[in-house]
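Coordinate analysis (summary)
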Amino acid sequence: MDDLVDGLSEVSCDVLVIGGGTAGPMAALKAKLKNPNATVVLLEKANVKRSGAISMGMDGLNNAVIPGYATPEQYTKEITIANDGIVDQAAVYKYAERCYSIIEELDSFGIRFLKNENGDFAVKKVHHIGTYVLPMPNGETVKKALYRQLRRARLLISNRYMATRLLTGKDGRVAGAIAVNTRTAEFLVLKAKAVILCCGAAGRLGLPTSGYMFGTYENAANSGDGYAMAYHAGAALANLECFQINPLIKDYNGPACAYVAGPFGAYTANNTGSRFIECDYWSGQMMLEFYNELQSGKGPVFLKLNHLHEKTISEIEHTLHKVERPTRGLFHEGRGTDYRNEMIEMHISEIGLCSGHSASGVFVDEFARTTVPGLYAAGDMASVPHNYMLGAFTNGSVAGEDAMGFADGHDFAEFDPADVEKERERVLAPTKREDGIPPNQIEYKARRLVNDYLQPPKVTRKFELGQKRLGEVREDMNTQMMVRNSHELMRALETASILDCADMAAHASLYRTESRWGLYHMRTDYPEKNNDEWFCHTLLSKKNGRMFSEKRDVQPYIVPIADEEKDLYDKQRIRASA
Ligand SMILES: Cc1cc2nc3c(=O)[nH]c(=O)nc-3n(C[C@H](O)[C@H](O)[C@H](O)COP(=O)(O)OP(=O)(O)OC[C@H]3O[C@@H](n4cnc5c(N)ncnc54)[C@H](O)[C@@H]3O)c2cc1C
């Protein structure tokens, strides 16, 4: 199976996009449309036709800013409050201003959005304050529709190539990337004037409680390679202590899903069937109430639909079981659970890093520029908070256009060929061992430690121990990991990314000595929010070969937030009233 082949080729392009899930295809398309004479390469470790978080479809846009329902100002305000104020609003505002034109464009690709009898978009309220959820009745076609556009633009697509490291020039500019074929282990050096990272969340960080290593909430191919590559290239990563933790269906480990069922009257309930949170929109504060309910003895927590009319339940089933995740229907069938008869048990997910749902990502400005010149990031791995799918499309567009502008104005940065040789040695080291530990065991061990030591509530002593134990796993990885074919080699490389992300998650969490973002960064030793010292971003980067964290001011708000609005997301719990 997938024998190892010795080989190395080199290609050049103007813009290289790494990751062909959601943000990547859009970034590549927009770059190409901006300059049709330029060469744009879209590199993907799976196959762009069916890769990324949207591979099986999506049931709706979670954050659509539709004129008549919401304004960019309202949306910017909502996300600022949801994210406990730690937001550079320029990027959020830019998204909010642009996303409607992207919806129209997606509509023209053949992706349908729910409309009312007047032909207007039928947006649903799920967030705490505003109305932003737009259902997609034929959401299972989203990836196909996108792929058609890539073919039409004659984009160069390199499937089955996993990027492992970025190349940088002597002047610090990005110079390209090194990739490995996941079926042959041959190397590809891609020289590029600009590079856009769209590798999705670090979704294989914690271990799902189901025990299935690949049964993650996130697309399991998203092993945090983008975070790791950005880190090793010297880019800053923002607020990595703001973990992603989601309320999911127990054992299925997919969304329950408040965004679809909520507008029809479903809700999250405790074991007495009572609602205990005001708003099912995913936020750290909502997750904290979920956690508190479990601690109070009123758990498990459930998704409750059994009070709804048969017709309503059928409609919800159609969307959840057919449009987004066909496996969900199979799961309920296999377990014999029916929304009509019972509440569906939920649980708290494994941790991950993801800006799509929270805020942890490679630091970017409103042009999707990272701190490394010529390097961009978009989608779940870039730091614009609560991005979701439409954020990936919109910020992917922004990145594509700006990166092409950068490439038009620059020549290739010159990199040191020794860097390629060094990387080949690193990548191929596990292939040189006759005996040792297979990558899946190293990965399992690292992720079990993540669950044991890094899952909130965060305890300083546990984090310190976790760092130590993870260091030992790294030692095993560096000296004993062994692979027998190119598929295992890919897993080995992913394991290295997972360990990098675990180290970054621990480092960033210890740096911020306060609690913020509800359960996402709940520190038992520092239980209070401390705005005097920590109303700031934290940036983590590699300095002199070591992990380094520092503070960065939140940029002055474009949309002011009144004092009485600032803690609206903290008021999630339903209070008994006389
Ligand atoms: C279960 C689930 C349900 C969701 N539901 C909704 C919803 O209903 N509405 C909504 O708005 N949002 C939803 N989201 C969020 C939304 O899907 C994501 O925010 C968005 O798709 C992220 O896009 P992305 O491009 O950043 O990542 P992805 O689409 O995941 O793409 C990342 C790509 O990078 C590739 N890759 C990774 N590493 C490498 C590497 N080293 N080299 C080459 N390629 C690499 C991966 O294979 C993948 O194709 C959901 C997410 C999940 C996981």
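As a starting point, this report considers the structure included with it. (Residues numbered from 1 in each chain as written. Predicted model: local features only at pLDDT ≥ 70, side-chain atom pairs only at ≥ 80, totals over all residues. Heavy atoms only, no water.)

**Concerning the pattern of salt bridges**
Considering all chains together, one arrives at 40 salt bridges under this definition. A salt bridge links Asp251 to Arg335; the nearest nitrogen and oxygen atoms lie 2.6 Å apart. Of the two residues, Asp251 is situated in the loop between strand E10 (247–249) and helix H6 (258–261) and Arg335 in helix H9 (residues 326–335); the sequence distance between them amounts to 84 residues. Accessibility expressed as a relative area gives 45% for Arg335, which makes it partly exposed. Sharing partners across several salt bridges, the network here consists of Lys45, Arg204, Asp225, Glu443, Arg447, Arg491 and Glu494. (Salt bridge = Lys/Arg side-chain N within 4 Å of Asp/Glu carboxyl O. Helix = DSSP H or I, 4+ residues; strand = E, 2+ residues; numbered from the N terminus. Buried < 20%, exposed > 50% of the residue type's maximum accessible area, 1.4 Å probe, protein only.)

**What about unusual backbone geometry?**
Across the junction of Gly299 and Pro300, the peptide omega takes the value -5 degrees, indicating a cis bond. Following the sequence through the fold, Pro300 ends up in the loop between helix H7 (284–295) and strand E12 (301–304). Cis geometry is found at the peptide bond from Pro456 to Pro457, where omega equals 5 degrees. Along the polypeptide, Pro457 turns up in the loop between helix H12 (439–454) and helix H13 (460–480). Positive phi is not limited to glycine here, since Asp84 has a value of about 55 degrees. You can call Asp84 buried: its relative accessible area is 7%. Of note in this structure, Tyr388 is not a glycine but carries a positive phi near 55 degrees. Among the secondary structure elements, Tyr388 is positioned in helix H10 (residues 388–408).

**Describing the environment of Val133**
Following the sequence through the fold, Val133 ends up in the loop between helix H3 (89–108) and strand E4 (134–135). The class for Val133 is buried, based on a relative accessible area of 4%. Along the chain, Val133 and Asn63 lie 70 residues apart, while their C-alpha atoms are 5.6 Å from each other. Residue contacts for Val133: discarding those within four places in its chain leaves Leu61, Asn62, Ala122, Val123, Lys124, Val126, His127 and Tyr259. (Contact = heavy atoms within 4.5 Å.)

**So, the environment of Ala46**
Along the chain, the position of Ala46 falls in the loop between strand E2 (40–43) and strand E3 (60–61). Separated by 23 residues in sequence, Ala46 and Tyr69 place their C-alpha atoms 38 Å apart. With residues near it in sequence (within four places) discarded, Ala46 still touches Ser51, Asn159 and Arg160.

**Quick notes on the sheet that holds strand E9 (residues 237–238)**
Read from one edge of the open sheet, four strands run E14-E9-E16-E17, paired in antiparallel fashion. Only two strands of the sheet have a single partner each, and these edge strands are strand E14 (361–362) and strand E17 (546–553). Note that strand E16 (residues 536–543) and E17 share eight bridges and pair antiparallel. Its bridge partner being in E17, Ser541 is matched across the sheet by Phe548. (Pairing = 2+ DSSP bridges.)

**Details of helix H8 (residues 310–324)**
Along an α-helix, a turn takes 3.6 residues, which lines up residues three or four apart on a common side. Taking 1.5 Å of rise per residue, the 15 residues of H8 would be expected to cover 21 Å, and the 21 Å separating its terminal C-alpha atoms lies within 8% of that figure. For H8, the complete set of buried residues consists of Thr312, Ile313, Ile316, Glu317, Thr319, Leu320, His321, Val323 and Glu324. (Expected span 1.5 Å × (residues − 1).)

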